[in-house]
Amino acid sequence: MSIVFGTIYGLYDPRDGALRYIGQTTRPINERIKYHLSKINLRARSHSARWLAKLDSMNLRPSVEVLGQAMSRKELDDLEISLISNARKVDENLTNLADGGKSSSGYKLGADFRREVSLRMKGRKVSS
């Protein structure tokens, strides 16, 4: 008997059934979804958070589907990367910023965000 390390899940738009987000969790899936729908996350500036906030403003919730399970961190990361890659190949309109796994591979910070961070950091002393 193998113990499941983590789960890959998809969030689907309730208006048209389209897959919009692929994620992973090592916690119970209902806890992960609860975080996605938390007020603090809905105020985030990521593409997925803005999509979820729009649904929330219409009193809608995404549907959730388990896409796979893995027995190790590497297997979980590899599976998420593969599923995101495959979804993008068939032109799914994903809100994922990164290519999957526990890295930010594929994610590029926008010019506005970089400028905002730069302004916030100006004048700060760097500890040595």
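About the cut-offs
- Position numbers for residues start from 1 in each chain and track the written sequence from start to end.
- Whole-chain, interface and lining totals are the exception, using all residues; otherwise, since this is a predicted model, local features are given only for residues with pLDDT of at least 70 and side-chain atom pairs are given and counted only at 80 or more.
- To get the side-chain values, all heavy atoms of the structure are used, and hydrogens and water are removed first.
- Under the DSSP-based scheme used, a helix requires at least four consecutive residues in state H or I and a strand at least two consecutive residues in state E, with every element numbered from the N terminus.
- Throughout, exposure labels follow a simple rule: accessible area from a 1.4 Å probe, protein chains only, divided by the maximum for the residue type, with under 20% read as buried, over 50% as exposed, and the rest as partly exposed.
- In what follows, a contact means two residues having at least one pair of non-hydrogen atoms within 4.5 Å.
- To qualify as a nonpolar core, a set must consist of buried Ala, Val, Leu, Ile, Met, Phe, Trp, Tyr and Cys residues joined through side-chain atoms within 4.5 Å.
- One requirement defines pairing of two strands: DSSP has to find at least two bridges between them.
- Helix axes use the C-alpha atoms of the stretch in contact, all axes being lines fitted to C-alpha atoms, and the angles between their N-to-C directions lie in the range 0 to 180 degrees.
- Polar contacts, as used here, are pairs of N or O atoms within 3.5 Å; protein pairs need one atom able to donate a hydrogen and one able to accept it. Residues neighboring in sequence count only if both atoms are side-chain atoms.

1. Regarding the overall build of the protein chain
Argument step 1. Within the protein chain one finds five helices and three strands.
Argument step 2. In the protein chain, the order of α-helices and β-strands from amino to carboxyl end is β-β-α-α-α-β-α-α.
Argument step 3. By residue count, 31% of the 128 residues in the protein chain fall in the buried class.
Argument step 4. The contacts in the protein chain between residues at least 6 apart in sequence include a share of 57% that link residues at least 24 apart.

2. Observations concerning the nonpolar core
Argument step 1. Listed in full, the nine residues of the largest apolar core are Ile 8, Tyr 12, Leu 19, Ile 22, Ala 70, Leu 76, Ile 84, Ala 87 and Leu 94.
Argument step 2. Every element with two or more residues in this core is listed here: strand 1 (6-12), strand 2 (19-25) and helix 4 (73-89).
Argument step 3. With three residues, the single largest contributor to this core is helix 4.
Argument step 4. Each residue touching Ala 70, except ones within four places of it in the same chain, is listed here: Val 4, Phe 5, Gly 6, Glu 75 and Leu 76.
Argument step 5. Listed in part, the eight residues of the second largest apolar core include Ile 33, Trp 51, Leu 52 and Leu 55.

3. Description of the sheet that holds strand 3 (residues 63-70)
Think of a sheet as strands paired side by side through backbone hydrogen bonds, with each pair either parallel or antiparallel.
Argument step 1. Spatially, 2-1-3 is the arrangement adopted by the three strands of the open sheet, whose pairing is antiparallel. Each having just a single partner strand, strand 2 and strand 3 make up the two edges of the open sheet. Between one strand axis and the next, the sheet turns by 25° as a mean value, whatever way the strands run.
Argument step 2. Bridge count for strand 1 against strand 3 is seven bridges, and the pairing is antiparallel. Bridging across to strand 3, Gly 10 finds its partner in Glu 65.
Argument step 3. Strands strand 1, strand 2 and strand 3 of the sheet are contacted by helix 1 (residues 29-36), whose axis makes an angle of about 45° with strand 1.

4. A short note on the side chain of Asn 96
Argument step 1. Tracing the backbone through its elements, the reader meets Asn 96 in the loop between helix 4 and helix 5 (111-121).
Argument step 2. For Asn 96, a relative accessible area of 9% translates into the label buried.
Argument step 3. Of the polar contacts made by the side chain of Asn 96, one reaches the backbone oxygen of Ile 22; its length is 2.6 Å.
Argument step 4. Ignoring any residue separated from it by four or fewer positions in sequence, one finds Asn 96 in contact with Arg 20, Tyr 21, Ile 22, Ile 84 and Arg 88.

5. Regarding the environment of Leu 67
Argument step 1. Mapped onto the secondary structure, Leu 67 falls in strand 3.
Argument step 2. By relative accessible area, Leu 67 is classed as partly exposed at 26%.
Argument step 3. When the C-alpha atoms of Leu 67 and Thr 7 are compared, they prove to be 7.6 Å apart, with 60 residues separating the residues in sequence.

6. Focus: the side chain of Thr 95
Argument step 1. In this fold, Thr 95 is placed in the loop between helix 4 and helix 5.
Argument step 2. Those residues in contact with Thr 95 that lie beyond four places of it in its chain are Arg 20, Tyr 21, His 47, Ser 48 and Trp 51.

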